[in-house]
Amino acid sequence: MNTVSDTNTETTLLNDIVLVAENRDTRALTRLFDHYAPRIRSFCLAAQPGANLMADDIAQEVMIRLWNKAHLYNPSSASLNTWVFTIARNARIDYMRKNGRYQSDIDPESFWSEMVDENADPFREAQQQRDQDRIREGLMKLPNDQRQVLSKVYLEGKSHSEASEDLGLPLGTVKSRVRLALNKLSIFIKR
Amino acid sequence: MLCYHPSLDMLTDYSSGSLSLPHALGVSAHLDQCADCREQLRRLNTLGAELFAHQETTAPEAKLDSLKASLMEKIGQQPQPTERRAPAVDERLRSIPASLRRLIPNGYDELDWMSLTPSFKLAMLSNEPGGAQVALSRIKAGAHMPTHTHTGNEITLVLSGAFSDEDGVYRKGDFICRNDDDKHRPRVTKDAECICLIVLDAPIEFTGWFTRLLNPIMRRFHPSTVPSNA
């Protein structure tokens, strides 16, 4: 995790999403693919180890959504990484729903939103950047056991109780590790 | 200022995508009305994005190349992206949280309400086989909801009006999560009827001598006791 090169990469990716939105630039899309597709695949394989077909399908689906929705992306409502993460998460939920894990007549499209927040302003963008920097640095300093639980929850898509089964830890321990981590990263602001 | 919110655990599961769809729907309808929780969620999503962005990636080069080739072929067939503006919202739907509009397409009055008592009506929004039940409850101004206990977790989100119970007063946008030990008797405030979204893991059990007769009805409509497609 090198913060300087991260920032450079992020600037390039941000330019590329604008090129896709404004010029339908396919070369910019390939660069976005080179960066994001391997991450989307890993994200899917974390939830379903060995499911390479699913990982390929979802990676492609997410890239198509980026192509079709690039003009809706608003940097003051979310960073590009956050936007792509929420799209990948939604695509994974969708895929699992259609393939039986969640049988439901509720359509997650209508509410697990990709946060196109119309009210976002430039002030928010600066706040967002600060949050992101703090979370990124905080993650590097997090004890392994807390980081491991966060990966279970976010990358493997496990609920707290599924994570506790996987790790052979009491549910209370999992919950308190998540809470400790969220506190250290100042994610939960007391109301 | 709202007083009752989803727990941090629940928001985390919402952000990571592991919350069941019926619960996520309840959380989302609260988020539509709560800027505080939207901020928490924004930070939780940023955390998810950081973990996502810094994963180990191991896909073989050749595989990615063929995936890329097939993507480029597909985007050639995509229609031009649609305009940004969403269609104007129907007047009847304005007071309904955006997340619920698809389930309540013609407003509250057009739903299929069942009268369980003269002052208490219920309309089913979704029955997920093996999952939770999503419904709206509608109680007349000043009326009590029949005394009941929960046989599982219950989420209540106030959509209009207000009600109170032993623990407090709940207003539009408030999100209340109760578990199976609670036995309570909510009462709607006198000024207006109260409509709530309720998400039930298991059928409500009514404990009053008369309303006990409703239990077979509640069970009949709960997905945990209904064969799928019923």
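Fair warning: this is a prediction, and the values are worked out from it, not measured in the lab.

> Please set out the interface of chain A and chain B residue by residue, giving values where relevant.
Chain A puts 80 residues into the contact, and the matching count from chain B is 61 residues. Together chain A and chain B conceal approximately 6,700 Å² of surface at their shared face, both sides included; 62% is due to carbon and sulfur atoms. Across the chain A-chain B interface, the total number found is 6 salt bridges. The closest approach of N and O atoms between aspartate 9 of chain B and arginine 179 of chain A, which form a salt bridge, is 3.7 Å. Run the count over chain A and chain B and you get 17 residue pairs in polar contact (both at pLDDT 80 or more). Contributing elements (two or more residues each) for the side of chain A that touches chain B: α2 (26–47), α3 (52–69), α4 (80–98), α5 (122–141), α6 (144–154) and α8 (171–184) of chain A. Top element by residues in the side of chain A that touches chain B is α2 of chain A. It accounts for 13 residues. Looking at the side of chain A that touches chain B residue by residue, the class counts come to 36 nonpolar, 23 polar and 21 charged.

> So what's going on with the sheet that holds strand β2 (residues 120–127) of chain B? Which residues, and what values?
Residue and element names in this part refer to chain B. On the basis of which strands lie adjacent, the open sheet formed by 6 strands has the order β1-β2-β3-β11-β5-β8 and antiparallel pairing. Each of the sheet's edge strands pairs with one partner strand only, and the pair in question is β1 (114–117) and β8 (175–178). When the angles between neighbouring strand axes are averaged without regard to direction, this sheet yields 25°. Examined bridge by bridge, strand β3 (residues 133–139) and strand β11 (residues 194–200) share 7 bridges and lie antiparallel to one another.

> For the pairing of β2 of chain B, give the residues involved together with the corresponding values.
Residue and element names in this part refer to chain B. Strand direction decides the pairing type here: β1 and β2, joined by 3 bridges, are antiparallel. When the sheet's bridge partners are listed, serine 115 is paired in β2 with lysine 121. Where β1 folds back on β2, the antiparallel hairpin that results is connected by 2 residues. Direction of pairing for β2 relative to β3: antiparallel, over a ladder of 7 bridges.

> Pulling in residues and values, what's your account of the packing of α2 of chain A against α4 of chain A?
Residues and elements named next belong to chain A. One way to put it is that α2 packs onto α4 with a least axis distance of 11 Å and a crossing angle of 45°. If you check the angle between α2 and α4, you find them oblique. Here α2 runs over α4; the crossing is right-handed. The residues of α4 that touch α2, namely those facing Leu32, Tyr36, Ile40, Phe43, Cys44 and Ala47, are Leu80, Asn81, Val84, Phe85, Ala88, Arg89, Arg92 and Met96. By residue class, the composition of the contact of α2 with α4 is 11 nonpolar, 1 polar and 2 charged.

> How would you sum up the state of the cysteines? Please name residues and give values.
Residues and elements named next belong to chain B. Tallied over the full model, the rule gives 0 disulfides over all chains. Its sulfur unpaired, cysteine 37 is 3.7 Å from the next cysteine sulfur, which belongs to cysteine 34. Take cysteine 37: its relative accessible area is 0%, and that puts it in the buried class. The thiol of cysteine 196 is not disulfide-bonded; the next cysteine sulfur, from cysteine 194, is found 3.7 Å away.

> Please set out helix α3 (residues 35–53) of chain B residue by residue, giving values where relevant.
Helix length check: α3 of chain B, at 19 residues, gives a terminal C-alpha distance of 26 Å against a target of 27 Å (1.5 Å per residue), a fit within 8%. Along α3 of chain B, 15 of the 19 residues are buried, which leaves the element largely enclosed by surrounding structure.

> Which residues make up the sheet that holds strand β10 (residues 187–188) of chain B, and what are the values?
Residue and element names in this part refer to chain B. With respect to topology, 3 strands assemble into an open sheet ordered β7-β6-β10, the strand pairing being antiparallel. Edge strands, defined here as strands with exactly one partner in the open sheet, are β7 (168–171) and β10. One ladder, built from 4 bridges, connects strand β6 (residues 162–165) with β7; its direction is antiparallel. When the sheet's bridge partners are listed, aspartate 165 is paired in β7 with glycine 168.

Basis of the calculations
Residues numbered from 1 in each chain as written. Chains lettered and ligands numbered in written order. Predicted model: local features only at pLDDT ≥ 70, side-chain atom pairs only at ≥ 80, totals over all residues. Heavy atoms only, no water. Contact = heavy atoms within 4.5 Å. Buried area = accessible area lost by both parts, 1.4 Å probe. Salt bridge = Lys/Arg side-chain N within 4 Å of Asp/Glu carboxyl O. Polar contact = N/O pair within 3.5 Å; in protein donor to acceptor, adjacent residues only side chain to side chain. Helix = DSSP H or I, 4+ residues; strand = E, 2+ residues; numbered from the N terminus. Nonpolar A, V, L, I, M, F, W, Y, C, P; charged D, E, K, R; others polar. Pairing = 2+ DSSP bridges. Axes fitted to C-alpha atoms, helices over the stretch in contact; angles between N-to-C directions. Parallel < 35°, antiparallel > 145°, perpendicular 65-115°, else oblique. Left-handed = near helix turned anticlockwise from the far one by under 90°. Disulfide = S-S within 2.5 Å. Buried < 20%, exposed > 50% of the residue type's maximum accessible area, 1.4 Å probe, protein only. Expected span 1.5 Å × (residues − 1).

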